[in-house]
Amino acid sequence: MSDDFNPGKVGLVAENLTVQQTESDGTKVSGKALPFGEVSRNGVQYSRESVEANKDSMVGCSILFNHQESEVVGHVTSVSVEDDGLYYEADLNPNHRFVSDGYIERGDISNVSIQAIVEPRSGDTPVVDVQEFLELSMVTVPGFDGADVAQVEAVPEGVAKVESFVDSSETG
């Protein structure tokens, strides 16, 4: 790893975004947020152990458009680790223009990317450990080759939505 690498916010790649649309007031998306064993476009590989240990920090994170904090599209509702990577499910705001205008359903915005706080491992390998996931973004250019939309599903009308908010003073 190069000596000029600084730990901090790093964009991670995601692939296989799945979008499901039905008659409702919400849209669910799901897919692979981070593949294991691949080097990202920023030249690093994310350790499976750290992703597994910190995966729950992604639940409740905002879904942004192109990592722009002023463009909140939704939030992550659940995550799971499979053999080939980190998977997520998210709820999108049906009134956000990228959802309501059909950009996501049509595949115009068909990739995801993750931003996280990472720490480099010592040695010459480009492996970093995820300390905390910060957000998941719908993006036009993914961090890993082959990242794409997998599934979109609307939330049926009348289904209650439960959101969990964690007070940061309780996490310290």
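Everything discussed here concerns the structure shown above.
What you are looking at is a predicted structure, and each value in this text was computed from that prediction instead of being measured. (Residues numbered from 1 in each chain as written. Predicted model: local features only at pLDDT ≥ 70, side-chain atom pairs only at ≥ 80, totals over all residues. Heavy atoms only, no water.)

Peer 1: Give me the lowdown on the nonpolar core, citing residues and values where you can.
Peer 2: Ranked by size, the top nonpolar core spans 31 residues in total, and within it Met58 and Tyr88 carry the most contacts. For this core, the secondary structure elements donating two or more residues are β2 (24–35), β4 (62–65), β5 (68–82), β6 (85–92), α2 (97–100), β7 (111–120) and β8 (127–139). Top element by residues in this core is β8. It accounts for five residues. (Core = buried A, V, L, I, M, F, W, Y, C linked by side-chain atoms within 4.5 Å. Buried < 20%, exposed > 50% of the residue type's maximum accessible area, 1.4 Å probe, protein only. Helix = DSSP H or I, 4+ residues; strand = E, 2+ residues; numbered from the N terminus.)

Peer 1: Help me get a handle on the environment of Ser47, residues and values and all.
Peer 2: On the secondary structure map, Ser47 appears in the loop between β3 (45–46) and α1 (48–54). Here Ser47 falls in the buried class, since its relative accessible area comes to 4%. Each C-alpha atom of the pair Ser47 and Arg121 lies 9.4 Å from the other, and the pair is 74 residues apart in sequence. Ignoring sequence-local partners within four residues, the contact set of Ser47 consists of Arg121, Val127, Val128 and Asp129. A polar atom in the side chain of Ser47 sits 3.4 Å from the side chain of Arg121. (Contact = heavy atoms within 4.5 Å. Polar contact = N/O pair within 3.5 Å; in protein donor to acceptor, adjacent residues only side chain to side chain.)

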